[in-house]
Amino acid sequence: MSVWSYVRSMFGGRATHQNTGSQIGEPGNYATPAAQTVTEDTALTISAVWACARLISETVASLPLNVYEITDTGPEVAKNNNLHTILHTKPNARQTSIEFRETMTLNLVMHGNAYALIERNNLGQVTSLVPLAAQQTQPKLLADESLVYEYYSEKGVAVYAENSILHVRLFGNGMVGLSPLAYARNSIGLGLATEEFGTTYFTNGGKPSGILMLDKVLSDEQRDAVRKNFSTLVEGSSNANRLMVLEASMKYEQVQINPSDMQMIEARRFQVEDVARFFGVPSVLINDNSQSTTWGTGIEAIVLGFYKLNLRPYLTRFEQAYQNKLLSPVDRAKYSIEHVFEGLLRGDSKSRAEFYSKMVQNGLMTRNEVRSKENLPTREGADELTVQVNMTPVDELGSATDGNKD
């Protein structure tokens, strides 16, 4: 073993390690084995995992996504741009925009990477985006520093160039994102083991396992007979209330700890918090009310923090990936791709009214801009910026002030 290999084995790992070949977003090893086998399917049977993945995926995908044209008067929605139609309405023949983005976000949340095949016409324009399963896609760094993507399916292995794949990644080594599912394996496995124990315990009628003690040695035939007869009394929920009759000085002794002594409820509650911590979701947002019983001001602050600190990085990752892979260098100077994030931060009717009033009175928004944000039709004469002085247009403010002096 070389000196470098020895040092890497002592202090290195896959999280930030870069090397040619396949890029892996999973731990190279685990300190302890998982209590249960953890896969994408088994993980999603844990309610906390399902709730976190669903919350992030649906929230991110439900936000409007627009392509904006940068003009002299400011950004405007580029409704006539073909890419706007693809991202906002129909990314491919099978999916709507929200379905496509839910699929991409779910892959990103679970595996740390989201992939989509970029299909282009003869002019190089994007015509569709087809999502690829993250667990079937493998980034590979070649010796010449170029990155290719290998996609494994029942048809074999397809290899795509870097510019043919839309790749959105979580933090990692710069070429592949780290998988929350892989790094949370032990925590999720403990949750699966706890559920398996609870299922087995209650399926058996809530009867703990134990041993039969006799004061003599039994033959093989006698031992099988005792085991067979006793099993009809203790196994299965249908036998939960049957009277147990022990003969020939038999004694029964419980050897299994009951759920209360094992603190099973506390363990299950901790797993909810631990899983939520891995996915960056406040546990109260997945219906964990152990720390709070009402949706008060404190919860509102938690929700706003979740929007800003957890969802905003997801949205930024998608926006920058769209711009870098779907726009040409020339188009990047003319267009931008952004989510309409302010919808998540909207307050109640009173708060919005106060905000709009200040914006209009100080000449920062027109009344028609306010009406548009509230999905109301525009009105004639409401396109000018006004200020509080009798709601006078800004360009007439000087003359209006002179008139007031007279």
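Before any of the text, the structure's been laid out above.
Here's what I pulled together on the structure shown here. What you see is a predicted model; the values in this text were computed from it and never measured.

Calculation criteria
Residues numbered from 1 in each chain as written. Predicted model: local features only at pLDDT ≥ 70, side-chain atom pairs only at ≥ 80, totals over all residues. Heavy atoms only, no water. Helix = DSSP H or I, 4+ residues; strand = E, 2+ residues; numbered from the N terminus. Buried < 20%, exposed > 50% of the residue type's maximum accessible area, 1.4 Å probe, protein only. Contact = heavy atoms within 4.5 Å. Areas by Shrake-Rupley, 256 points an atom, 1.4 Å probe, with all protein chains shown as cover. Expected span 1.5 Å × (residues − 1). Pairing = 2+ DSSP bridges. Patch = residues over 30% accessible without salt bridge, like charges linked within 9 Å, V, L, I, M, F, W, Y side chains within 5 Å. Salt bridge = Lys/Arg side-chain N within 4 Å of Asp/Glu carboxyl O. Phe/Tyr/Trp six-rings, centres within 6.5 Å; stacked < 30°, edge-to-face > 60°. Lys NZ or Arg CZ within 6 Å of the ring centre and 35° of its normal. Lys, Arg positive; Asp, Glu negative; His and termini not counted. Charge placed at Lys NZ, Arg CZ, Asp CG, Glu CD. Axes fitted to C-alpha atoms, helices over the stretch in contact; angles between N-to-C directions. Parallel < 35°, antiparallel > 145°, perpendicular 65-115°, else oblique. Left-handed = near helix turned anticlockwise from the far one by under 90°. Nonpolar A, V, L, I, M, F, W, Y, C, P; charged D, E, K, R; others polar.

## Focus on the overall build of the protein
Thought 1: Within the protein, the secondary structure is distributed over 14 helices and 12 strands.
Thought 2: Counting only residues that meet the buried cut, the protein has 35% of its 406 residues in that class.
Thought 3: Long-range pairs, those at least 24 residues apart, make up 63% of the contacts in the protein between residues at least 6 apart in sequence.
Thought 4: A total accessible area of about 24400 Å² is found for the protein, and carbon and sulfur atoms account for 52% of it.

## Details of helix 5 (residues 97–111)
Thought 1: The end-to-end C-alpha distance of helix 5, which contains 15 residues, comes to 21 Å, matching closely the 21 Å that a straight helix rising 1.5 Å per residue would cover.
Thought 2: Every buried residue of helix 5 is listed here: Ser97, Phe100, Arg101, Met104, Thr105, Asn107, Leu108, Val109, Met110 and His111.
Thought 3: Glycine 112, located one to two residues past helix 5, shows a positive phi value of around 80°.

## Brief notes about the pairing of strand 6 (residues 137–141)
Thought 1: Extensive coverage of strand 6 is indicated by the burial of four of its five residues.
Thought 2: For strand 1 (residues 21–22) and strand 6, the ladder comprises two bridges, and the chain directions are antiparallel. By the bridge assignment for strand 6, serine 22 is matched with lysine 140.
Thought 3: By the bridge criterion, five bridges tie strand 6 to strand 7 (residues 147–153) in an arrangement that is antiparallel. When the bridges of strand 7 are listed, threonine 137 appears paired with tyrosine 151.
Thought 4: A loop of five residues connects strand 6 with strand 7, the two strands running antiparallel in sequence, and glutamate 145 in this loop sits at a positive phi of about 75°.

## Quick word on a nonpolar patch on the surface
Thought 1: On the surface, Tyr152, Val157 and Val159 cluster together into a nonpolar patch covering about 280 Å² of accessible area.
Thought 2: One can find valine 159 in strand 8 (residues 156–161).
Thought 3: According to the relative accessible area criterion, valine 159 is exposed, its value standing at 55%.

## A few points about the sheet that holds strand 8
Thought 1: A sheet is described by the order of its strands in space; here four strands give the open sequence 1-6-7-8, paired in antiparallel fashion. Every other strand in the sheet has two partners, leaving strand 1 and strand 8 as the edge strands with one partner each.
Thought 2: Bridge count for strand 7 against strand 8 is six bridges, and the pairing is antiparallel. Opposite serine 153, over in strand 8, you have glycine 156 as the bridge partner.

## Notes on the packing of aromatic side chains
Thought 1: Evaluation of the coordinates by the stated rule reveals four aromatic pairs.
Thought 2: Taking 6.0 Å as the distance between ring centres and 35° as the angle between the ring planes, the aromatic pair formed by phenylalanine 318 and tyrosine 322 counts as tilted. Here phenylalanine 318 and its partner tyrosine 322 are both found in helix 10 (residues 297–326), four residues apart, which amounts to about one turn of the helix.
Thought 3: By relative accessible area, phenylalanine 318 is classed as buried at 2%.
Thought 4: We classify tyrosine 322 as buried; its relative accessible area is 0%.
Thought 5: Note on phenylalanine 355 and tyrosine 356: the rings are 5.7 Å apart at their centroids and 55° apart in plane angle, and the pair reads as tilted.
Thought 6: Residue phenylalanine 355 is classed as partly exposed on the basis of its relative accessible area, which comes to 44%.
Thought 7: Of the residues examined, tyrosine 356 reaches a relative accessible area of 11% and is grouped as buried.
Thought 8: For the cation-ring pair, arginine 312 lies above phenylalanine 341, with the distance from its terminal atom to the ring centre recorded as 5.0 Å.

## Looking at a negative patch on the surface
Thought 1: On the surface, Glu369, Asp383, Glu384 and Asp395 cluster together into a negatively charged patch.
Thought 2: For glutamate 384, the position within the fold is in the loop between helix 13 (367–373) and helix 14 (397–405).
Thought 3: With a relative accessible area of 41%, glutamate 384 lands in the partly exposed category.

## Some remarks on the packing of helix 3 (residues 47–62) against helix 5
Thought 1: Here helix 3 crosses helix 5 at 135°, and the two axes come no closer than 8 Å. Considering the angle they form, helix 3 stands oblique to helix 5. Remark: the crossing between helix 3 and helix 5 carries right-handed chirality. Two secondary-structure elements touch here, helix 3 through Val49, Ala53, Ile56, Ser57, Glu58, Val60, Ala61 and Ser62 and helix 5 through Ile98, Arg101, Glu102, Thr105, Leu106, Val109 and Met110.
Thought 2: Residues belonging to the contact of helix 3 with helix 5 are distributed by class as follows: nine nonpolar, three polar and three charged.

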